[in-house]
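Residue-level structure breakdown
Listed below, chain by chain, are the residues.
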Amino acid sequence: MAEQNARRVDCTRGNGAAHTQAMKRIGSIVLWSAIAAAFIGPGTVTSAASAGADWGTAILWAILFSGIATFTLQEFAGRLAIVSGTDLASVLRQRYPQGVGRIALLALVGGAILLGCAAYEAGNILGGVAGAMLALEVPRAALTIALGGIAAALLFAGSPRQVAQAMALFVAVMGAGFLLVAASLAPGFAELARGLVPRGALLGVDAGLLAVLALVGTTVVPYNLFLGSALASGQGLGEMRLGLAVAVGLGAIITAAILVVGTVLAGGFDFEVLADALATRLGGWARTGLAIGLFAAGLSSAITAPLAAAFTARGLFGTSGGQEWDPAGWRFRSVWGGILAIGVALGLADVRPGPAIIAAQAFNGALLPLVAVFLLAAMNDRELLGRHANGWRGNLAGVLIVAVATMLGLLAMVRAGSAAFGYELPAANGLLAVFAMVGLVLGAATIRARGARPAN
């Protein structure tokens, strides 16, 4: 009898441990859905649907690359936070405490991230309001103030983790709708497979390059690295990787679904055009569904951008162990309040959402190489990370991402210069090769400068 009771106790303990582990995994997935919520917003709808309208499924490879790059860089940031016990911005502050490095860090990373958050926030507010107006006959100004007020209330009342978990619902609402619509369009498998193969000729066209940069910029969001590293505190590496893989994977699938939906558009992208096309094919409910999804996406992203800006500012300008940047303090709240105010102000200014959103995504796509280099350098600090520092596989992935991001960013810059000053450019394929080599050298130099050694 005693032996049977002992077995029952062991079985109960085993079941309890399994249940606890399962709940941790589910909780991690819900927590990391904040990353998906941050990049699946009106900007994603605009960028992906516009790309689908202009290029069809031929540009799916950009989403595939963006998904892989997002997981890789977010895993870097999460691992850095879990192993070191501090977030990415704080690590960078400690690595560059003074001198030229400190000035460059604050000017380039701090300024660019905060500007990037502000640019994204404008698109979030504009896109969310534009979506709501598809179903509601309410003045734009009233909807703008309402969306900003809801976002401010959620940011003010909840802890960062609670806010992140609440946004999982918003992502699910919009994602399910677009997946349903994309499935109803039923593109062929062969067509989708062809779209996963990069086409250099597409990058030789200004609109094609802008579309690729926008897709990369709307998925591999630089400020998400700072948000993710702040959210990773207290997690295990396995839990973090599982939650991140599920969240980013689903986010990439939803982005691809939005691109497929955009292929039905004729004459370019516009929220009204998209709503009319969906209503014609699927019925009047599709217009209302799109309105709800866009508003939900705008709200979720309107929360994450200010939150990420506040975490970044806390890490860069705070002090180790200090309480002056507590999430309930005035400094932390003033940063997210300022970013939110910028978005609301631009919404009230009645800026056209489409061009503003595309420009914000392209800007952040060009910013990505800078942030990736700083992160790659930190991931090779063996004094900080020990055996969890990058090995050759992690460094290979990091260097390739830096190379591709640098290639796209530099190509965008020289083509913008060509348009502004009228000088002619050589063939696009030649530029791509040169800029990719620049990115490879930059990534390799970053690793060598940090004294990295391959892990056994």
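Residues numbered from 1 in each chain as written. Predicted model: local features only at pLDDT ≥ 70, side-chain atom pairs only at ≥ 80, totals over all residues. Heavy atoms only, no water.

1. Looking at the overall build of the protein chain
Tallying secondary structure elements over the protein chain gives 19 helices and 0 strands in all. Across the 456 residues that make up the protein chain, the buried fraction comes to 52%. At a minimum sequence separation of 6, the contacts of the protein chain that also span at least 24 residues come to 86%. As presented, the protein chain carries roughly 18900 Å² of accessible surface, and 66% of it is formed by carbon and sulfur atoms. (Helix = DSSP H or I, 4+ residues; strand = E, 2+ residues; numbered from the N terminus. Buried < 20%, exposed > 50% of the residue type's maximum accessible area, 1.4 Å probe, protein only. Contact = heavy atoms within 4.5 Å. Areas by Shrake-Rupley, 256 points an atom, 1.4 Å probe, with all protein chains shown as cover.)

2. Comments concerning the packing of aromatic side chains
Scanning the model with the defined rule gives 1 aromatic pair in all. Seen in terms of ring centroids, Phe311 and Phe332 are 5.3 Å apart; in terms of plane orientation they differ by 75°. Their pairing is edge-to-face. Of this pair, Phe311 sits in helix α14 (residues 285-317) while Phe332 sits in helix α15 (residues 330-348), and the two are 21 residues apart along the sequence. Given the relative accessible area of 5%, Phe311 is considered buried. Residue Phe332 is classed as buried on the basis of its relative accessible area, which comes to 2%. (Phe/Tyr/Trp six-rings, centres within 6.5 Å; stacked < 30°, edge-to-face > 60°.)

3. Details of empty space enclosed by the protein
Unoccupied space between atoms shows up once a probe the size of one water molecule is rolled over them. Under the criterion given, the structure shown has 1 cavity of 30 Å³ or more. Estimates place the volume of the largest cavity at around 40 Å³. For the largest cavity, the lining is made up of 10 residues, of which Ala38, Gly41, Gly43, Tyr120 and Asn124 are closest to its centre. Broken down by secondary-structure element, the contributors of at least two residues to the lining of the largest cavity are α1 (2-39), α2 (42-55) and α5 (99-132). Each residue belonging to the lining of the largest cavity can be placed in one class, and the counts come to 3 nonpolar, 7 polar and no charged. (1 Å grid on protein atoms, 1.4 Å probe; cavity = no way out; pocket = protein on both sides within 12 Å on 5 of 7 lines; lining within 4 Å. Points joined across faces, edges and corners; volume = space filled by probe spheres on them. Nonpolar A, V, L, I, M, F, W, Y, C, P; charged D, E, K, R; others polar.)

4. Topic: the packing of helix α6 (residues 140-157) against α15
At a closest axis distance of 9 Å, the pairing of α6 and α15 adopts a crossing angle of 170°. Judged on the interaxial angle alone, α15 and α6 are roughly antiparallel. The element α6 and its partner α15 pack so that their crossing is right-handed. Seen from α6, the contacting residues are Arg140, Ala141, Thr144, Ile145, Gly148, Ala151, Ala152, Leu155 and Phe156; seen from α15, they are Arg333, Trp336, Leu340, Val344, Gly347 and Leu348. (Axes fitted to C-alpha atoms, helices over the stretch in contact; angles between N-to-C directions. Parallel < 35°, antiparallel > 145°, perpendicular 65-115°, else oblique. Left-handed = near helix turned anticlockwise from the far one by under 90°.)

5. Comments concerning the side chain of Thr72
Mapped onto the secondary structure, Thr72 falls in helix α3 (residues 60-84). Contact partners of Thr72, with chain neighbours within four places excluded, come to Ala397 and Ile401.

6. A short note on the pattern of salt bridges
Inspection of every chain in the model, using the stated rule, returns 5 salt bridges. The closest approach of N and O atoms between Arg241 and Glu75, which form a salt bridge, is 2.9 Å. With Arg241 in helix α12 (residues 237-262) and Glu75 in helix α3, this pair connects stretches of sequence that are 166 residues apart. Glu75 sits in the buried class, given a relative accessible area of 8%. (Salt bridge = Lys/Arg side-chain N within 4 Å of Asp/Glu carboxyl O.)

7. A look at the packing of helix α13 (residues 271-282) against α14
Orientation of α13 relative to α14, taken along the N-to-C sense of each, is 140°, at an axis distance of 7 Å. Taken together, the axes of α13 and α14 lie oblique to each other. Note on packing geometry: the crossing formed by α13 with α14 is right-handed. Touching Phe271, Glu272, Leu274, Ala275, Asp276, Leu278, Ala279 and Leu282 of α13 are Trp285, Ala286, Arg287, Leu290 and Leu294, all from α14. Class assignment of the residues belonging to the contact of α13 with α14 gives a composition of 10 nonpolar, no polar and 3 charged.

8. With respect to the environment of Phe178
Structurally, Phe178 is set in helix α7 (residues 160-185). On the accessibility criterion, Phe178 (5% relative accessible area) is buried. Along the chain, Phe178 and Val45 lie 133 residues apart, while their C-alpha atoms are 9.6 Å from each other. When residues no more than four places from it in sequence are discounted, the contact partners of Phe178 are Val45, Ala257, Ile258, Val261 and Leu290.

9. Re a nonpolar patch on the surface
Side chains of Trp392, Leu396, Leu400, Met437, Leu440 and Val441 sit close together on the surface and give an oily, nonpolar patch of about 580 Å² of accessible area. Elements represented by at least two residues in the nonpolar patch include exactly α18 (392-421) and α19 (428-449). (Patch = residues over 30% accessible without salt bridge, like charges linked within 9 Å, V, L, I, M, F, W, Y side chains within 5 Å.)

10. Comments concerning α15
Its 19 residues place the ends of α15 25 Å apart at the C-alpha level, agreeing with the 27 Å of an ideal helix rising 1.5 Å per residue. Among the residues of α15, those classed as buried are Phe332, Val335, Trp336, Ile339, Leu340, Gly343, Val344 and Gly347. An end-on view of α15 places all buried positions within 165° of arc, on one side of the element. (Expected span 1.5 Å × (residues − 1). Arc of directions from axis to C-beta.)

11. Quick word on the confidence of the model for the protein chain
Taken residue by residue, the protein chain gives an average pLDDT of 76. The fraction at 70 or more is 74%. Element-level mean pLDDT values for the protein chain span from 57 in helix α9 (residues 200-203) up to 90 in α3. Here residues 451-456 is modelled with pLDDT under 50, and outside its nearest four sequence neighbours on either side it reaches 11 contacts, counting other chains as well. (pLDDT = per-residue confidence, 0-100.)

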